[in-house]
Structures are given as C-alpha cells and as structure tokens.
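# Close look at the chain arrangement
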Amino acid sequence: MIAQDKIENSVFLKESLRYLENLGFDNIKADLDGYETPKSYMKKGSDVTITPDIVAEKAGRKHYFEISLKSEQPKLLKSKWRFLDVLTRMKDHKFKIITRRGHYKFTQDMLDDLNMDKSPIKL
C-alpha cells in the first residue's frame, strides 16, 4: 500500500498481522500503532519515501510483505514493489504480496505488468 491508502485500510493491515502471527512469524514490524515501524528508504533526488507494509522473520530469514489493494496511484505502487523485489533478491530475503477478495484481478494485473512471477497470499 502507498501511504495515503494505509489510513483507510488499517483494518486489513491488522487482519494480515494476525494471519502472519498465526503462521509463526516473529519480530514483526508494521507501520501501525503498537508495532515498531519498518526501515524506510528514501528515493534519491526526490521526497518519495518507501516503507514496506510489514517486515517479519521466520526461521532466521527476513520476509517483506506488501498489502495489495486497488489504488488511485498504481504507478507509485509499481515502483515500490519493483524496489522491494530488487532489495529482497539482493539481500536473499523473501518478498510476498497479500491481497483480499475484490482485489485479486488488480493484484494479478500489477504483477503481470511488472513481470513478477509471484502468487499472492489470498486472505
């Protein structure tokens, strides 16, 4: 999600956090009250800040999770996903997309546009 969508969709973010906790993820960081905020990255030459929605660890490996919901700014979302995908491959971490009913097609279209071969987690 991009920053402006996080406020509107905090319920889905909490739902995703509960799902990950039930799967056994620990050291969970999220951009939400009660959780530590994940590390943000600044885009050089502009004021754009990229913060992953959720960062968690399981079996000693870091996992980055992005919540995929329909957005008014798909271009900004695509650049965020591309950056996180490159970052995670570079550091040998995992990058996964979480989506929900009503947003599957939007998510799949975004992944196809980016040529990312990922299967989203459907809640």
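See above for the structure.
In short, a report on the structure. For clarity, every value in this text was computed on a predicted model and none was experimentally measured. What you see as residue numbers is a count from 1 along each chain, following the sequence as written. Per-residue local features of the predicted model are confined to residues with pLDDT of at least 70, and side-chain atom pairs are confined, for both listing and counting, to 80 or more; whole-chain, interface and lining totals are unaffected and use all residues. To obtain the side-chain values, all non-hydrogen atoms of the structure were included, while hydrogens and water were left out.

The subject of this paragraph is the nonpolar core. Nonpolar side chains tend toward joint burial in soluble globular proteins. Residues grouped as a nonpolar core are buried Ala, Val, Leu, Ile, Met, Phe, Trp, Tyr and Cys residues, joined through side-chain atoms within 4.5 Å. Partly exposed describes any residue whose relative accessible area lies between the buried limit of under 20% and the exposed limit of over 50%, with all areas from a 1.4 Å probe on protein chains only and scaled to the type maximum. Core analysis: the largest hydrophobic core is formed by 16 residues, its most contacted members being Ile54, Phe65, Ile67 and Ile98. The helix count covers DSSP runs of H or I at least four residues long, the strand count covers runs of E at least two residues long, and both are numbered beginning at the N terminus. Listed by contribution, the elements that provide at least two residues to this core are helix H2 (10-22), strand S1 (26-30), strand S4 (54-58) and strand S5 (61-68). Per-element tally for this core: the top contributor is H2, with 4 residues. For Ile98, the contacting residues outside a window of four places in its chain are Phe12, Ser16, Leu20, Phe65, Glu66, Ile67, Ser68, Ile121 and Leu123. Among the nonpolar cores identified, the runner-up in size contains 15 residues, and Val55, Phe95, Phe106 and Met116 belong to it. In this analysis, two residues are considered to be in contact whenever any of their non-hydrogen atoms come within 4.5 Å of each other.

A carboxyl oxygen of Asp or Glu within 4 Å of a side-chain nitrogen of Lys or Arg is what we treat as a salt bridge. Applying the stated criterion to the full structure yields 9 salt bridges. Each of Asp53, Glu66 and Lys80 takes part in one network of salt bridges that share partners.

Secondary-structure assignment places Thr51 in the loop between strand S3 (49-50) and S4. Think of a polar contact as two N or O atoms within 3.5 Å of one another; within protein, one of them needs to be a possible hydrogen donor and the other a possible acceptor, and neighboring residues in sequence only count if both atoms come from side chains. A polar atom in the side chain of Thr51 sits 2.6 Å from the side chain of Ser40.

What follows concerns the environment of Asn22. Along the chain, Asn22 turns up in helix H2. Each C-alpha atom, one on Asn22 and one on Ser40, is 26 Å from the other, the two residues being 18 residues apart in sequence.

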